[in-house]
Amino acid sequence: MAIVTFRMIPLLTAIAMIGLSAEARDDGRYANSPLKGWFESLKSKAGGPCCADADGTALDEVDWDTLDGHYRVRLLGEWITVPDDAVIKEPNRAGRTFVWPYYVNGRAMIRCFMPGSMT
């Protein structure tokens, strides 16, 4: 019986991580933001909604760049290549670079990415 329980731990962990990453974290801080509706309307080319500014992470200039024609971001100390379908192509009204990550088995994946000015 204990062997079955230990085998289920990775599965249950993965399910919990996916469930947590899909939840919106908007706690009301951005309710009066003039960009709230715009953030909530963002979608990646893959078709998935990026969610809201509360779900995204603003990146400092040192935490994103390009390599071999693709964007990449540094999350949890690791450089991750942004899938082309995750890049938001419309003008960035916020100005700052944002990434909307989710995590599978502790590994960061990119739902959406919106580049900033890179100045």
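Residues numbered from 1 in each chain as written. Predicted model: local features only at pLDDT ≥ 70, side-chain atom pairs only at ≥ 80, totals over all residues. Heavy atoms only, no water.

## With respect to the overall build of the protein
Within the protein one finds two helices and six strands. Overall, the protein shows an N-to-C arrangement of helices and strands of α-α-β-β-β-β-β-β. Residues classed as buried in the protein amount to 29% of the 119 residues present. Residue pairs in contact within the protein that sit at least 24 positions apart in sequence constitute 58% of those at least 6 positions apart. For the protein, the accessible area works out to roughly 7,600 Å², and carbon and sulfur atoms hold 58% of it. (Helix = DSSP H or I, 4+ residues; strand = E, 2+ residues; numbered from the N terminus. Buried < 20%, exposed > 50% of the residue type's maximum accessible area, 1.4 Å probe, protein only. Contact = heavy atoms within 4.5 Å. Areas by Shrake-Rupley, 256 points an atom, 1.4 Å probe, with all protein chains shown as cover.)

## A word on the environment of glycine 69
Relative to the helices and strands, glycine 69 resides in the loop between β2 (64-67) and β3 (70-75). Of the residues examined, glycine 69 reaches a relative accessible area of 73% and is grouped as exposed. Taking the C-alpha atoms as reference points, glycine 69 and aspartate 84, 15 residues apart in sequence, are found 9.8 Å from one another.

## A short note on the sheet that holds β2
Read from one edge of the open sheet, three strands run β2-β3-β4, paired in antiparallel fashion. The strands lining the two open edges of the sheet, one partner per strand, are β2 and β4 (78-81). Sheet twist, expressed as the mean angle between neighbouring strand axes with direction ignored, is 35°. In the sheet, β3 pairs with β4 via four bridges, with the strands oriented antiparallel. Paired with arginine 72 across the bridge in β4 is threonine 81. (Pairing = 2+ DSSP bridges. Axes fitted to C-alpha atoms, helices over the stretch in contact; angles between N-to-C directions.)

## Notes on the pattern of salt bridges
This structure, assessed with the given rule, holds four salt bridges. Between lysine 36 and glutamate 40 there is a salt bridge, and its shortest N-O distance comes to 2.7 Å. A residue pair is termed a helical-turn pair when its members lie 3 or 4 positions apart in one helix, as lysine 36 and glutamate 40 do in helix α2 (residues 36-41) at four residues. (Salt bridge = Lys/Arg side-chain N within 4 Å of Asp/Glu carboxyl O.)

## Description of the confidence of the model for the protein
For residues with low pLDDT, the predicted coordinates do not support detailed interpretation. Residues with a pLDDT of 70 or more make up 69% of the protein, whose mean pLDDT is 76. This model gives residues 1-25 a pLDDT under 50, and the stretch forms 13 contacts once residues within four places in sequence are excluded. (pLDDT = per-residue confidence, 0-100.)

## Side note on the sheet that holds strand β5 (residues 97-104)
Read from one edge to the other, the open sheet built from three strands follows the order β1-β5-β6, with strand pairing classed as antiparallel. Strands at the two margins of the open sheet, each flanked by one partner only, are β1 (57-59) and β6 (107-114). Strand-to-strand twist in this sheet, taken as the mean axis angle between neighbours without regard to direction, amounts to 40°. With seven bridges joining them, β5 and β6 adopt antiparallel strand pairing. When the sheet's bridge partners are listed, tyrosine 103 is paired in β6 with alanine 108.

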